[in-house]
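# Close look at the chain arrangement
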Amino acid sequence: MTITRIIRGASVVRDGSLIPMDILVSGEQIAGLSLPGLVSPPGAEITDADGLWALPGGVDVHVHLREPGYTHKEDIESATRAAAAGGYTTVFGMPNVKPPTMTASDLRDTLALYDGKSLVDYNHNPAAKQTTELAGMAEMGIAAYKIYMVADTGRNYPHPASIGVHDHGHLLEAMEAVAATGLALMVHPHDQRIEEVVEQRFWAEGDRSPEAYARTLMTGDGLLWDTATSLLLRMAEATGCRLHIVHTTTSRQVEMIRAARRRGVKVTCEVNHWTLFLATWELVQELGPYVLSYWVPAHHQQAVWDALADGSIDILASDHAPHTREEKDVGYEDMWAAHTGSPGIQYQLPLLVDAHRRGRISLERLVDAASTAPARLFGLPRKGRIEPGADADLVLIDPDREWTITNDSVLSKIDWTPYHGRTLTGAVERTIVRGVDVYAGGEVVGEPGHGRQAVPDAPMRG
């Protein structure tokens, strides 16, 4: 095996410790690891990583790339540029595009767009609404399907009614059909009818403010989340469906998921950057629509942090959701008319590194949540690890560099971030996808079309 590149002297996480090592690369794969300086084959490219951490490239299974159909917000190239700058080497797109990804034909067309435009490796999660299409889509190398139990009121995006599944009978049919494929079903838990009752009370009072919207979606201290999660867990238990719950937000969700696992239910879950770092009441009041979709009260935020730290929440995913300023600003007058969600893939990993530096999460758990666990759970054994035979997907982190997030640094098509002005310790210095730099020296250097579909070798394991 010819060594084509050496990442020299990087600190690699091993058994909870950082060990300086050389990472030996052969073409697209990691060929081996050695003590620094022991191997110096002629002709190999040398990358000096002394003083840097080498982590497996991030695997983000929940990214809204907005293409096709909503490319005024974002497109595959711009989103994967942001991913590269944020240390992510594999991303999974979501089906709320136009046309929504509900058939094998839709999926084929969307994957062709990724093939020509993505800088990083990719997959795509189609909607599980048309159950007769699921088997055909499974044969196209997907890793999961997606269901939204929510549909927007007062607008038609980002949760269009065309892909929402609210009827419990339809949800049962979808879970049975997904179970037959052996793949995972990602579900956005929500109770549409409860939301409608609560929001209409605010509307009757003439209150359509960001604060009213936030209170609606956290009504009853998380009732919308908790009732839906209880239903999903029971249905997964009945059908054998491999359930993945997105947007884990409340302490009761965490408790129910732990209890379901003890019963043998095949369930995993994720948390998003906005739950951990953004959705406080103070920021809802300060930034309004630029923070919302959701408000997460402090006791729930602490419970989620604890669950991420101990592994009860399996993975971190960005739910990267860019919208234009115009689509956000309308929310100051009518939050129900604003497009909800927050961008995040460019800054999520640095935010987590900063949280580690502040003692909130171990480095070993950080690596697992951002890289190793999503790769493992979604059947990608060559991703998410620094081992011989794995893809040479790496992110080099300067753990000591202090820097400030600004709107000017945003690489998404939109020109804003809710983290503007936030100072962090720990920065992405270089991102490598299958042995090739896609981000280095503060610049995106990857080329559209370098990305390749990350096809699962095995279905998700609950």
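Right above here is the structure, for reference.
Structure report, in brief. (Residues numbered from 1 in each chain as written. Predicted model: local features only at pLDDT ≥ 70, side-chain atom pairs only at ≥ 80, totals over all residues. Heavy atoms only, no water.)

## Observations concerning the overall build of the protein chain
Of the regular secondary structure elements, the protein chain holds 14 helices and 17 strands. Computed over C-alpha atoms, the radius of gyration of the protein chain comes to 21 Å, within 12% of the 23 Å expected from 2.2 N^0.38 for 462 residues, which places it in the range of a compact globule. The principal-axis extents of the C-alpha atoms in the protein chain amount to approximately 75 × 45 × 40 Å. Pairs at least 24 apart in sequence give 75% of the contacts found in the protein chain among residues at least 6 apart. Entry remark: accessible area of the protein chain is about 16,100 Å², with carbon and sulfur atoms responsible for 48%. The average position of the 41 basic charges and that of the 60 acidic charges among the side chains of the protein chain differ by 4 Å. (Helix = DSSP H or I, 4+ residues; strand = E, 2+ residues; numbered from the N terminus. Rg over C-alpha atoms; globule rule 2.2 N^0.38 Å. Contact = heavy atoms within 4.5 Å. Areas by Shrake-Rupley, 256 points an atom, 1.4 Å probe, with all protein chains shown as cover. Lys, Arg positive; Asp, Glu negative; His and termini not counted. Charge placed at Lys NZ, Arg CZ, Asp CG, Glu CD.)

## Comments concerning the sheet that holds strand S9 (residues 144-148)
Strand order in the open sheet formed by five strands is S9-S10-S11-S12-S13, with parallel pairing between adjacent strands. One side of each edge strand has no neighbouring strand; the edge strands of this open sheet are S9 and strand S13 (315-316). Sheet topology note: the strand S12 (residues 267-271)/S13 ladder contains two bridges and is parallel. Considered in S13, the bridge of Glu 270 is made with Ile 315. (Pairing = 2+ DSSP bridges.)

## Some words on the packing of helix H4 (residues 168-181) against helix H7 (residues 219-239)
The interhelical angle for the contact between H4 and H7, taken along N-to-C directions, is 45°, at an axis separation of 10 Å. On the basis of the axis angle, H4 is oblique to H7. Crossing geometry of H4 relative to H7 is assigned as right-handed. Along the contact surface, H4 presents His 168, Leu 171, Leu 172, Met 175, Glu 176 and Ala 179, while H7 presents Leu 231, Leu 232, Met 235, Ala 236 and Thr 239. When its residues are assigned to classes, the contact of H4 with H7 shows eight nonpolar, two polar and one charged. (Axes fitted to C-alpha atoms, helices over the stretch in contact; angles between N-to-C directions. Parallel < 35°, antiparallel > 145°, perpendicular 65-115°, else oblique. Left-handed = near helix turned anticlockwise from the far one by under 90°. Nonpolar A, V, L, I, M, F, W, Y, C, P; charged D, E, K, R; others polar.)

## Let's talk about the packing of aromatic side chains
As enumerated under the stated definition, the model contains twelve aromatic pairs in all. Between Tyr 213 and Trp 336, the aromatic rings sit 5.1 Å apart at their centres with planes inclined by 70°, giving edge-to-face as the arrangement. Taken together, the residues span a long stretch of sequence, with Tyr 213 in helix H6 (residues 210-217) and Trp 336 in the loop between helix H12 (325-329) and helix H13 (348-357) at a distance of 123 residues. Residues Tyr 213 and Trp 336 agree in their burial class; the two are buried. Ring centres 6.3 Å apart and planes at 35° place the aromatic pair Tyr 347 and Trp 403 in the tilted group. With Tyr 347 in the loop between H12 and H13 and Trp 403 in strand S14 (residues 394-404), this residue pair connects regions lying 56 residues apart in the sequence. A relative accessible area of 18% places Trp 403 in the buried class. Members of the aromatic cluster, connected to one another through ring pairs, are Trp 203, Tyr 213 and Trp 336. Note that Arg 208 overlies the ring of Trp 203, its terminal NZ or CZ placed 4.5 Å from the centroid. (Phe/Tyr/Trp six-rings, centres within 6.5 Å; stacked < 30°, edge-to-face > 60°. Buried < 20%, exposed > 50% of the residue type's maximum accessible area, 1.4 Å probe, protein only. Lys NZ or Arg CZ within 6 Å of the ring centre and 35° of its normal.)

## Section: the pattern of salt bridges
In the structure shown here, the tally under the stated rule is 30 salt bridges. Arg 14 is the partner of Glu 387 in a salt bridge, and the nearest nitrogen-oxygen pair spans 3.6 Å. Here Arg 14 lies in strand S1 (residues 5-14) and Glu 387 lies in the loop between helix H14 (363-377) and S14, a separation of 373 residues in the sequence. Within the structure, one salt-bridge network assembled from shared partners comprises Glu 28, Asp 121, Lys 383, Asp 391, Asp 393, Arg 434 and Arg 452. (Salt bridge = Lys/Arg side-chain N within 4 Å of Asp/Glu carboxyl O.)

## Focus: the side chain of Gln 253
In this fold, Gln 253 is placed in helix H8 (residues 251-262). Gln 253 gets classed as buried once you look at its relative accessible area, which sits at 0%. When neighbours within four sequence positions are excluded, Gln 253 is seen to be in contact with Pro 189, Trp 225, Asp 226, Thr 229, Ile 245, His 247 and Thr 248.

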